[in-house]
Amino acid sequence: MRVLVQLRGEVNQGTDVRDTLGMLNLHRVNHATLVPETDTYRGMVNKVNDWVAHGEPSAEMVETLVRRRGEPAEGDADIDDEWVADNTDYSDVASLAEALVAEETKLQDEGLSPTLRLHPPRGGHDGIKHPIKEGGVLGKQSTEEIDALLEAMR
């Protein structure tokens, strides 16, 4: 499973990239989503690589994201162990996060919004004009790097 975080806006974006970001449920800057590791999603990630940071997050970071930034698809409630036990097949947020990382379920299947609205990173970005290899934050990141980015944006 990968997490994608949109870091660049719509300026100078082609319509194909904009449509792909829409299909990935990334509609605004600082929005994130979880996608499975399939050939279809891999191609979509390659197309939007210059506008997003992506990587495989740890289960602890997914749990933190769901607790702090998860939203029900309908209604307005805080996502906690009680909500998860009442509305999903899982007993708590930690077990839901483990299932998400193992690609056993998706946020939409559990009644959650597929988009996680994040806070802009505390301390700022290292650079949103360059890929990770050139000292920026765009493109594929390691688990430690994506966890650090998500921690700054939680």
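Our structure's up above, just so we're on the same page.
Residues numbered from 1 in each chain as written. Predicted model: local features only at pLDDT ≥ 70, side-chain atom pairs only at ≥ 80, totals over all residues. Heavy atoms only, no water.

Novice: Could you clarify how one ought to interpret the sheet that holds strand β3 (residues 52-55) in this entry?
Specialist: In sheet architecture, strand pairing relies on hydrogen bonds along the backbone and comes in two forms, parallel and antiparallel. As summarised here, the arrangement of the 5 strands in space is β4-β2-β1-β3-β5, forming an open sheet in which the pairing is mixed. Two strands lie at the open edges of the sheet, namely β4 (116-117) and β5 (139-140), each paired on one side alone. With 2 bridges joining them, strand β2 (residues 31-35) and β4 adopt antiparallel strand pairing. Pairing of Ala32 across the sheet is with Leu116, part of β4. (Pairing = 2+ DSSP bridges. Helix = DSSP H or I, 4+ residues; strand = E, 2+ residues; numbered from the N terminus.)

Novice: Teacher, can you tell me more about the pattern of salt bridges here?
Specialist: It is possible for side chains of opposite charge to pair when their charged atoms get near one another. One pass over the structure, following the stated rule, counts 8 salt bridges. Linking Arg18 and Glu10 is a salt bridge whose minimum nitrogen-to-oxygen distance equals 3.9 Å. Note on Arg18: relative accessible area 32%, which makes it partly exposed. For Glu10, a relative accessible area of 46% corresponds to the partly exposed category. Salt bridges sharing partners connect three or more residues here, namely Arg2, Glu37, Asp39 and Arg42. (Salt bridge = Lys/Arg side-chain N within 4 Å of Asp/Glu carboxyl O. Buried < 20%, exposed > 50% of the residue type's maximum accessible area, 1.4 Å probe, protein only.)

Novice: Even after reading the chapter, I still don't get helix α6 (residues 143-153), so can you show me in this structure?
Specialist: An α-helical turn contains 3.6 residues, so any two residues separated by three or four positions project in the same direction. For α6, the complete set of buried residues consists of Ile146, Asp147, Leu149, Leu150 and Met153. Seen from one end, α6 has its buried residues packed into an arc of 160°, which puts them on one side. Packing partners of the buried residues in α6 comprise β1 (2-6), β3 and α3 (59-69). (Arc of directions from axis to C-beta. Contact = heavy atoms within 4.5 Å.)

Everything listed is a geometric property; what it means functionally is a separate question.
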